[in-house]
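# An overview of the molecular structure
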Amino acid sequence: MNISCYVHVPFCARICTYCDFYRIVHDSEWEDRYVEAICTEIDLRFAGLISKLSVDDRPIKLDTLYFGGGTPTVLSDRSWRKIVGRLKSQINFTDNIEFTTEANPESSKPDKIELLHELGANRISFGAQSFNSANLNRLGRLHNADEVDIAITTARSAR
């Protein structure tokens, strides 16, 4: 049996006025506390879930993992490793898992993209909002249109 998991990361570098999702300005102390809470939740939920779903000795695997937010790519490398490591310690991933994260261009530098690729992410959903720099500026975005192209090119070249 395959299951899915959504991890909400409420942190953003800046709060955009048009966004209706729960989010707060990123703070490293809050990040550490939040990641600890997420890892505790993973332990509690997956242990209970696996015991309830274990039927006929069929293996239970994670086939969809989605990090949304907020801006998950503002998390530190340490936090990414901790959350994904905790998930992998609790449940096996399918060989063809769809592992997606939302990202903003300004927080998607090559080292972050490489880390995500190393952890198994195979899909990035960029919050571009527009490919027009003037519109991005009006929306209060931290990136311009050129940075959107750079982030996409960087993600496509990750190996």
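Refer to the structure presented above.
First things first, this report covers the structure right here in the doc. (Residues numbered from 1 in each chain as written. Predicted model: local features only at pLDDT ≥ 70, side-chain atom pairs only at ≥ 80, totals over all residues. Heavy atoms only, no water.)

### A look at the nonpolar core
How we decide: Take the buried residues of types Ala, Val, Leu, Ile, Met, Phe, Trp, Tyr and Cys, join any two whose side-chain atoms come within 4.5 Å, and each joined set is a nonpolar core. Burial classes: relative accessible area under 20% of the type maximum marks a residue as buried, over 50% as exposed, and values in between as partly exposed (1.4 Å probe, protein chains only). Only DSSP runs of H or I reaching four residues or more are called helices, and only runs of E reaching two or more are called strands; each is numbered from the N terminus. In what follows, residue pairs with any heavy atoms lying within 4.5 Å of each other are defined as contacts.
Membership of the largest hydrophobic core comes to 28 residues, with the highest contact counts inside it found for Leu 62, Leu 65, Phe 67, Trp 80, Ile 83 and Leu 87. The element best represented in this core is helix α1 (residues 28-53), accounting for 5 residues. If sequence neighbours within four positions are ignored, Ile 83 has contacts with Val 35, Ile 38, Cys 39, Ile 42, Phe 67 and Leu 75.

### Remarks on the sheet that holds strand β1 (residues 2-9)
Pairing between the strands of a sheet comes from backbone hydrogen bonds, and it takes one of two forms, parallel or antiparallel. As a reminder, the rule being used: We call two strands paired when DSSP finds no fewer than two bridges between them. Angles here are taken between N-to-C directions and fall from 0 to 180 degrees, while the axes themselves are lines fitted to C-alpha atoms, restricted in helices to the stretch in contact.
Ordered in space as β1-β4-β5-β6, the 4 strands form an open sheet in which the pairing is parallel. Each edge of the open sheet carries a strand with a single partner, namely β1 and β6 (123-126). Strand-to-strand twist in this sheet, taken as the mean axis angle between neighbours without regard to direction, amounts to 15°. Pairing geometry for strand β5 (residues 92-103) and β6, over 4 bridges, is parallel. Residue Glu 102 lies in a different strand from β6, and its bridge partner there is Ser 125.

### Digging into the environment of Ile 113
Relative to the assigned elements, Ile 113 resides in helix α3 (residues 110-119). Overall, the relative accessible area of 2% leaves Ile 113 in the buried class. Ignoring anything within four residues of it in the chain, the contact list for Ile 113 reads Ser 108, Ile 124, Thr 154, Ala 155 and Ala 158.

### What to know about helix α2 (residues 77-90)
Basically, it comes down to this: One less than the number of residues in a helix, times 1.5 Å, gives the span that helix is expected to have. This arc corresponds to the set of directions leading from the helix axis out to the C-beta atoms.
End to end, α2 covers 20 Å across 14 residues, agreeing with the expected 20 Å (1.5 Å per residue, within 8%). Residues of α2 that are buried include every one of Ser 79, Trp 80, Ile 83, Val 84 and Leu 87, and no others. For α2, the arc enclosing every buried residue in end-on projection is 115°, short of the 170-degree limit, so these residues lie on one face.

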